[in-house]
Amino acid sequence: MKCYVCAQEGYDSEAVAICIVCGMGVCMKHAIREEQEMWEGGYPFPAKKVSKTLPRILCPDCYEAVKRS
Ligand SMILES: [Zn+2]
Ligand SMILES: [Zn+2]
């Protein structure tokens, strides 16, 4: 799979990850890795925090969208 962002810019880079939100491939340069804290107990009242974080990969567009909300 090729990096979607690079393809839009006319480059041809191999994707190393997939955005968990929109599912498009992203290269090392465009993949944004975020550590997401896990909570047990569920919405709307998380009871306790789990001690580990889950990494998640986002593309630049989805990262911007998630950050704003
Ligand atoms: Zn790229
Ligand atoms: Zn995305």
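Residues numbered from 1 in each chain as written. Chains lettered and ligands numbered in written order. Predicted model: local features only at pLDDT ≥ 70, side-chain atom pairs only at ≥ 80, totals over all residues. Heavy atoms only, no water.

As recorded by an unreviewed UniProt entry, the protein carries the name DUF2180 family protein and is attributed to Methanochimaera problematica.

Engineer: Would you explain the overall build of the protein in this entry?
Structural biologist: On a plain count of helices and strands, the protein comes out with two helices and four strands. Ordered by position from N to C terminus, the α and β elements of the protein give α-β-β-β-β-α. Evaluated residue by residue, the protein yields a buried proportion of 20% over its 69 residues. Residue pairs in contact within the protein that sit at least 24 positions apart in sequence constitute 36% of those at least 6 positions apart. Accessible area of the protein: about 5200 Å², with a carbon and sulfur share of 56%. (Helix = DSSP H or I, 4+ residues; strand = E, 2+ residues; numbered from the N terminus. Buried < 20%, exposed > 50% of the residue type's maximum accessible area, 1.4 Å probe, protein only. Contact = heavy atoms within 4.5 Å. Areas by Shrake-Rupley, 256 points an atom, 1.4 Å probe, with all protein chains shown as cover.)

Engineer: How do you make sense of the environment of Met24 when you look at a structure like this?
Structural biologist: Residue position: Met24 is located in the loop between β1 (17-18) and β2 (25-26). In contact with Met24, other than residues within four places in its own chain, are Tyr4, Val5, Ala17, Ile18, Cys19 and Cys59.

Engineer: Sorry if this is basic, but what is going on with the coordination of the zinc ion (ligand 2) here?
Structural biologist: Tetrahedral coordination by four donors sets the ideal angle at the metal to 109.5 degrees; octahedral coordination by six donors sets it to 90 or 180 degrees. Looking at the zinc ion (ligand 2), one finds its protein donor set to be Cys19 (SG), Cys22 (SG), Cys59 (SG) and Cys62 (SG), positioned 2.3 Å from the metal centre. Geometry at the zinc ion (ligand 2) is tetrahedral, judged from its four donor atoms and the angles of 102 to 116 degrees they form at the metal. Written as a sequence motif, the donor arrangement for the zinc ion (ligand 2) is C-x2-C-x36-C-x2-C. Taken together, the residues Cys19 in the loop between β1 and β2 and Cys62 in helix α2 (residues 60-68) connect sequence positions 43 residues apart. Both residues of the pair, Cys19 and Cys62, belong to the buried class. (Donors = N, O, S within 2.8 Å, 3.2 Å for Na, K, Ca; no water. Tetrahedral: all angles 85-135°; square planar, octahedral: opposite > 155°, others 65-115°.)

Engineer: What's the story with the coordination of the zinc ion (ligand 1) in this structure? I'm lost.
Structural biologist: Within the protein, the zinc ion (ligand 1) binds to Cys3 (SG), Cys6 (SG), Cys27 (SG) and His30 (ND1); these donor distances fall in the range 2.0 to 2.3 Å. Because the angles between the four donor atoms bound to the zinc ion (ligand 1) fall within 106 to 114 degrees, the donor set is best described as tetrahedral. Going along the chain, you hit the donors of the zinc ion (ligand 1) in the pattern C-x2-C-x20-C-x2-H. Remark: His30 occurs in the loop between β2 and β3 (32-40) and Cys3 occurs in the segment before α1 (4-8); sequence separation between them is 27 residues. According to the relative accessible area criterion, Cys3 is buried, its value standing at 1%.

Engineer: It is not clear to me how the pattern of salt bridges should be interpreted in this structure. Could you clarify?
Structural biologist: Once the charged atoms of two side chains with opposite charge are near each other, the side chains can pair. Under the definition given, this model contains four salt bridges. A salt bridge links Lys2 to Asp12; the nearest nitrogen and oxygen atoms lie 3.9 Å apart. Residue Lys2 is found in the segment before α1, and its partner Asp12 is found in the loop between α1 and β1; the two are separated by 10 residues along the sequence. By relative accessible area, Lys2 is classed as partly exposed at 43%. Several salt bridges share partner residues, and in doing so they unite Lys2, Asp12 and Glu14 into one network. (Salt bridge = Lys/Arg side-chain N within 4 Å of Asp/Glu carboxyl O.)

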